[in-house]
Amino acid sequence: MSEARSYPRHVKLEAGEIEFRLMSRADEAAVLDFAKKLPTHDLLFLPRNISEPKVLSAWINEIERGAITSLLAVKDGKVVGCGTLVRDLHSWSPHVGEIRMVVSLDVRGQGVGRALSQETFAIALGAGLEKLSVQMTVDQQAAIALFESLGFKAEALLRDHVRDLDGKTHDIVVLGHNIAQFQAQLEAFGLPEAVQH
């Protein structure tokens, strides 16, 4: 499980040729452009508004500090998705990571979200995390179905947890995945290498 994935990786999807690469400070302008084109509703499940330059700068500082790993999906030189793994090694939950994922409207339903979530999940496995969580608004049915297909299960509903720019509140669903249990089951069946790549 300690084997790290290497990037960049190139995959052919329904959306076309997609490059997955780790986000760095050099990507700041491209990620800001991507974030500004996302519908505001898609940003509600994130703790902060990533379409704000100061938030994006703080995000990159966290990447450089090692608290966050962000993987970009790039098509024709433009960012079309971002999968992020957040963990706090100094908290009471250093064994838990949170996945945050956003995908551009123009590539949705074309395999980018699935591939990005699988890559981010693999990074979490490589990091030795025991549990993952992901959260989104309850109306994001396609995203919920995607994470459920990866073995995530609903764990909590946070009513009126976020407020949009119009002042309307929205519920957030929290999904969890017990990686340690998943890996133990694979090993019991003699398949530990199945999660390596």
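This text follows the structure it describes.
Residues numbered from 1 in each chain as written. Predicted model: local features only at pLDDT ≥ 70, side-chain atom pairs only at ≥ 80, totals over all residues. Heavy atoms only, no water.

**Student:** Tell me about the overall build of the protein chain, and please be specific about residues and values.
**Tutor:** Within the protein chain one finds six helices and eight strands. Relative to the compact-globule value of 16 Å for 197 residues, the protein chain shows a C-alpha radius of gyration of 16 Å, a close match. Each of the three principal axes of the protein chain carries a C-alpha extent, and together these read 50 × 40 × 35 Å. With 197 residues in all, the protein chain has 44% of them scored as buried. Relative to all contacts within the protein chain whose residues are 6 or more apart in sequence, the contacts with residues 24 or more apart total 61%. If you sum the accessible surface of the protein chain, you get close to 10,500 Å²; carbon and sulfur atoms cover 52% of it. Separation of charge centres in the protein chain, based on 21 positive and 26 negative side chains, amounts to 2 Å. (Helix = DSSP H or I, 4+ residues; strand = E, 2+ residues; numbered from the N terminus. Rg over C-alpha atoms; globule rule 2.2 N^0.38 Å. Buried < 20%, exposed > 50% of the residue type's maximum accessible area, 1.4 Å probe, protein only. Contact = heavy atoms within 4.5 Å. Areas by Shrake-Rupley, 256 points an atom, 1.4 Å probe, with all protein chains shown as cover. Lys, Arg positive; Asp, Glu negative; His and termini not counted. Charge placed at Lys NZ, Arg CZ, Asp CG, Glu CD.)

**Student:** Describe the pairing of strand β1 (residues 9-13), naming the residues involved and giving the relevant values.
**Tutor:** Here β1 pairs with strand β2 (residues 16-22) via five bridges, running antiparallel. Residue pairing across strands places Leu13 opposite Gly16, the latter belonging to β2. With antiparallel pairing between neighbouring strands as the criterion, β1 and β2 make up a hairpin whose turn holds two residues. (Pairing = 2+ DSSP bridges.)

**Student:** An account of the nonpolar core is requested, with residue identities and associated values reported.
**Tutor:** Grouped burial of nonpolar side chains is what soluble globular proteins tend to show. In terms of nonpolar packing, the biggest core is built from 57 residues, with Trp59, Leu132, Phe147 and Phe152 touching the most fellow members. The contact partners of Trp59, leaving out residues within four places of it in the chain, are Met23, Val31, Ile50, Ile68, Ser70, Cys82 and Thr84. (Core = buried A, V, L, I, M, F, W, Y, C linked by side-chain atoms within 4.5 Å.)

**Student:** Can you explain the pattern of salt bridges? Please cite residues and give values.
**Tutor:** Side chains that differ in charge, positive against negative, can pair when their charged atoms come close. As enumerated under the stated definition, the model contains twelve salt bridges in all. Of the charged contacts in the structure, one is a salt bridge between Glu19 and Arg21, with a shortest N-O distance of 3.0 Å. A relative accessible area of 18% places Glu19 in the buried class. Look at Arg21 and you get partly exposed, because its relative accessible area is 24%. In this structure, Arg108 engages Asp42 in a salt bridge whose closest nitrogen and oxygen atoms are separated by 2.1 Å. (Salt bridge = Lys/Arg side-chain N within 4 Å of Asp/Glu carboxyl O.)

**Student:** A description of helix α1 (residues 28-37) should follow, citing residues and the corresponding values.
**Tutor:** Within the sequence span of α1, burial applies to Val31, Leu32, Phe34 and Ala35. For α1, the buried positions fall inside an angular range of 160 degrees around the axis, keeping them on one side. In α1, the exposed positions that point more than 90 degrees away from the buried face belong to Ala29, Lys36 and Lys37. (Arc of directions from axis to C-beta.)

**Student:** Which residues make up the pairing of strand β7 (residues 153-163), and what are the values?
**Tutor:** In this sheet, strand β8 (residues 169-178) lies alongside β7 in antiparallel orientation, the contact comprising seven bridges. Bridging from a neighbouring strand, Ala156 pairs with Val174 of β8. Count of turn residues in the β7/β8 antiparallel hairpin: five residues, of which Gly167 carries a positive phi of about 90 degrees.

**Student:** I'd like to hear about the packing of aromatic side chains, residue by residue, with values.
**Tutor:** Applying the stated rule across the entire model yields two aromatic pairs. Residues Phe121 and Phe152 carry aromatic rings whose centres are separated by 6.2 Å and whose planes lie at 70 degrees to one another, so their mutual orientation is edge-to-face. A residue pair is termed long-range when its members are at least 10 positions apart, and Phe121 in helix α4 (residues 112-126) and Phe152 in the loop between α5 (141-149) and β7 qualify at 31 residues. Centre to centre, the rings of Phe147 and Phe152 are 5.2 Å apart; their planes meet at 85 degrees, and the pair counts as edge-to-face. Each member of the aromatic cluster is reached from another via a ring pair, and the members are Phe121, Phe147 and Phe152. (Phe/Tyr/Trp six-rings, centres within 6.5 Å; stacked < 30°, edge-to-face > 60°.)

**Student:** Tell me about the side chain of Asp27, and name the residues and values.
**Tutor:** Secondary-structure assignment places Asp27 in the loop between β2 and α1. Using a relative accessible area of 7% as the deciding quantity, one classes Asp27 as buried. For Asp27, the residues in contact, after removing those within four places along its chain, are Arg21, Leu22 and Leu72.

**Student:** Could you give me a rundown of the packing of α1 against helix α3 (residues 53-65), with the residues and numbers involved?
**Tutor:** Contact pair α1 / α3: the axes reach a minimum separation of 10 Å and the direction vectors enclose 130 degrees. Judged on the interaxial angle alone, α3 and α1 are oblique. Considering how the two elements wind past one another, α1 and α3 form a crossing that is right-handed. Residue-level inspection shows Glu28, Val31 and Leu32 of α1 in contact with α3, the latter providing Pro53, Leu56, Ser57, Trp59 and Ile60. Residue classes in the contact of α1 with α3 are distributed as six nonpolar, one polar and one charged. (Axes fitted to C-alpha atoms, helices over the stretch in contact; angles between N-to-C directions. Parallel < 35°, antiparallel > 145°, perpendicular 65-115°, else oblique. Left-handed = near helix turned anticlockwise from the far one by under 90°. Nonpolar A, V, L, I, M, F, W, Y, C, P; charged D, E, K, R; others polar.)

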